[in-house]
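# Summary of the model geometry
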Amino acid sequence: MDFFYRFTTNLSLLLLFFFFFATSFAALVKEQPLVLKYHQGPLLKGKITVNLIWYGQFSPTQRSIIVGFIESLNSPASPPPPSAASWWRTTSKYKGGASTLVIGSQTLDENYSMGKSLKTMHITALASKPNRVGSINVVLTAKDVAVDGFCMSRCGTHGSTRGKTRVAYAWVGNPETQCPGMCAWPFHQPVYGPQTPPLVAPNGDVGIDGMIINLATVLAGTVTNPYGNGYFQGPATAPLEAVSACTGIFGSGAYPGYAGNLLVDKSTGASFNANGVGGRKFLVPAMWDPETSTCKTLV
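Residues numbered from 1 in each chain as written. Predicted model: local features only at pLDDT ≥ 70, side-chain atom pairs only at ≥ 80, totals over all residues. Heavy atoms only, no water.

In the annotation of an unreviewed UniProt entry, the chain is listed under the name Protein EXORDIUM-like 2 and assigned to Rhododendron simsii. The UniProt entry for the chain carries this comment under Subcellular location (unreviewed entry): "Secreted, Extracellular space, Apoplast". According to the UniProt record, the Sequence similarities (unreviewed entry) comment for the chain is "Belongs to the EXORDIUM family." (UniProt positions renumbered as here; feature names shortened; annotations may be inferred.)

What follows is the structure, given as structure tokens:
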């Protein structure tokens, strides 16, 4: 009896130890903060002009959706919460204060002046004009334009021109026909991983709504790491930035294959998490919050 008592007592203590260890370890893992190191370089702050270069065929409706998204990021109007502007305000928590985006010039290149198969040097050339400090030149390529690395390793990117005056630029491609499963998820079934049903796109255009997600990603990366020495984690050649560090997270409770808890438009069934100007709705990805060192979502 005494042996049985000692055995059960020791077993209980052992189980208690393992439970405490497992709980503590789980808590430790869970509490590990995500840290994007600031590398002491300049950021884009204050008033920033966004010049758009439309390369290829975009309908007026498609252009208005993307322009409306950028305008929604700093709109003086107050759409009902959660808003795209409140999402963008997270960038003001990075060193230097707010980044206010305003639409500048818009260039239409509907005749594919450089062809339908572009390399990085073509994107840089398209983005080099206008060449103004304090601006971001955004190249948007149509669904029938192939770009080096598009659909294989990236859905968009950003960088800066070389020379005496360095101008920040970004590029995003329309993935509608080339790779919606990679660059328009969760509005299309993913190429890899759990095959969950796609969500309904809030603007009724899988390619453009996918571009909004990727444009949000590169714009946040551009203002917080414009020249490769701002905020990022990992190697400078393949950095995890403000939004790319939070890939696949759109709402609370997100996990691989599940975008998270989102709002649903009762009239269309579309999923979204941000209200914009003119009654538009958007799905924006989570952004790293420097104050909490977590990926912050709107819902």
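## Comments concerning the layout of surface pockets
If a probe as big as a water molecule is rolled over the atoms, it shows which places are left empty. Approximately 1,300 Å³ is the volume attributed to the largest pocket. Ser153, Cys155, Gly156, Thr217 and Ser244 are the residues nearest the centre of the largest pocket, which is lined by 47 residues in total. Sorting the residues of the lining of the largest pocket by element identifies β7 (156-160), α5 (180-183) and α6 (206-224) as the ones contributing at least two each. (1 Å grid on protein atoms, 1.4 Å probe; cavity = no way out; pocket = protein on both sides within 12 Å on 5 of 7 lines; lining within 4 Å. Points joined across faces, edges and corners; volume = space filled by probe spheres on them. Helix = DSSP H or I, 4+ residues; strand = E, 2+ residues; numbered from the N terminus.)

## Things to note about helix α2 (residues 60-72)
For α2, spanning 13 residues, the distance from its first C-alpha to its last is 18 Å, which sits close to the expected 18 Å at 1.5 Å a residue. Turning to α2, its buried residues are Gln62, Arg63, Ile65, Ile66, Val67, Gly68, Phe69, Ile70 and Ser72. Packing partners of the buried residues in α2 comprise β2 (46-55), α3 (84-88), β3 (99-109), β5 (135-141), α6 and β13 (281-282). (Expected span 1.5 Å × (residues − 1). Buried < 20%, exposed > 50% of the residue type's maximum accessible area, 1.4 Å probe, protein only. Contact = heavy atoms within 4.5 Å.)

## With respect to the side chain of Ser293
Position of Ser293 among the secondary structure elements: in the loop between β14 (287-289) and β15 (294-296). If we skip the residues at most four places from it in the chain, Ser293 touches Pro33, Leu34 and Trp288.

## Digging into the state of the cysteines
Enumeration according to the criterion identifies three disulfides in this entry. For Cys151, the disulfide goes to Cys179, at an S-S distance of 2.0 Å. One quick way to see it: the torsion about the S-S bond of Cys151 and Cys179 is about -65 degrees, and its sign makes the bridge left-handed. Taken together, the residues span a long stretch of sequence, with Cys151 in the loop between β6 (146-147) and β7 and Cys179 in the loop between β8 (168-173) and α5 at a distance of 28 residues. With its sulfur 2.1 Å from that of its partner, Cys246 forms a disulfide with Cys295. Across the disulfide from Cys246 to Cys295, rotation about the S-S bond amounts to roughly -85 degrees, and the bridge is consequently left-handed. With Cys246 in the loop between β9 (231-232) and β10 (263-264) and Cys295 in strand β15, the pair connects residues that are 49 residues apart, well separated along the chain. (Disulfide = S-S within 2.5 Å.)

## A few points about the sheet that holds β3
The five strands are arranged β3-β2-β5-β8-β7 in an open sheet whose pairing can be described as mixed. Edge positions in the open sheet fall to β3 and β7, since each of these has one partner strand only. Sheet twist, expressed as the average angle between the axes of neighbouring strands with direction ignored, equals 20 degrees. The pairing of β5 with β8 spans six bridges and is parallel. Residue pairing across strands places Leu140 opposite Val172, the latter belonging to β8. In this fold α6 packs onto β2, β3, β5, β7 and β8, with an angle of close to 165 degrees to the strand it touches most, β8. (Pairing = 2+ DSSP bridges. Axes fitted to C-alpha atoms, helices over the stretch in contact; angles between N-to-C directions.)

## What to know about the packing of aromatic side chains
Taken as a whole and assessed by the stated rule, the structure comprises 11 aromatic pairs. Arranged with centres 6.0 Å apart and planes meeting at 85 degrees, the rings of Tyr55 and Tyr112 form a pair that is edge-to-face. Here the residue Tyr55 occupies a position in strand β2, and Tyr112 occupies one in the loop between β3 and β4 (117-118), the gap between them amounting to 57 residues. The same class applies to Tyr55 and to Tyr112, which are both buried. When the centroid spacing of 4.8 Å and the interplanar angle of 85 degrees are considered together, the rings of Tyr94 and Tyr231 count as edge-to-face. Separated by 137 residues along the polypeptide, Tyr94 in the loop between α3 and β3 and Tyr231 in strand β9 bring together distant segments of the chain. As far as burial versus exposure is concerned, Tyr94 and Tyr231 are alike and both buried. Feature note: the residues Tyr38, Tyr94, Tyr231 and Trp288 constitute an aromatic cluster, connected by ring pairs. Sitting above the plane of the Tyr112 ring, Lys116 keeps its charged end 4.6 Å from the centroid. In this structure, Lys281 packs its charged tip against the face of Phe272, placed 5.4 Å from the ring centre. (Phe/Tyr/Trp six-rings, centres within 6.5 Å; stacked < 30°, edge-to-face > 60°. Lys NZ or Arg CZ within 6 Å of the ring centre and 35° of its normal.)

## Overview of the pattern of salt bridges
Scanning the entire structure with this criterion turns up six salt bridges. Notably, a salt bridge pairs Lys143 with Glu176, separated by 3.9 Å at the nearest N-O pair. Separated by 33 residues along the polypeptide, Lys143 in the loop between β5 and β6 and Glu176 in the loop between β8 and α5 bring together distant segments of the chain. With a closest N to O distance of 3.8 Å, Asp265 and Lys281 form a salt bridge. Within this pair, whereas Asp265 is found in the loop between β10 and β11 (271-272), its partner Lys281 is found in strand β13, the two being separated by 16 residues in sequence. With a relative accessible area of 22%, Lys281 lands in the partly exposed category. Among the charged side chains, a network of salt bridges with common partners joins Lys93, Asp289 and Glu291. (Salt bridge = Lys/Arg side-chain N within 4 Å of Asp/Glu carboxyl O.)

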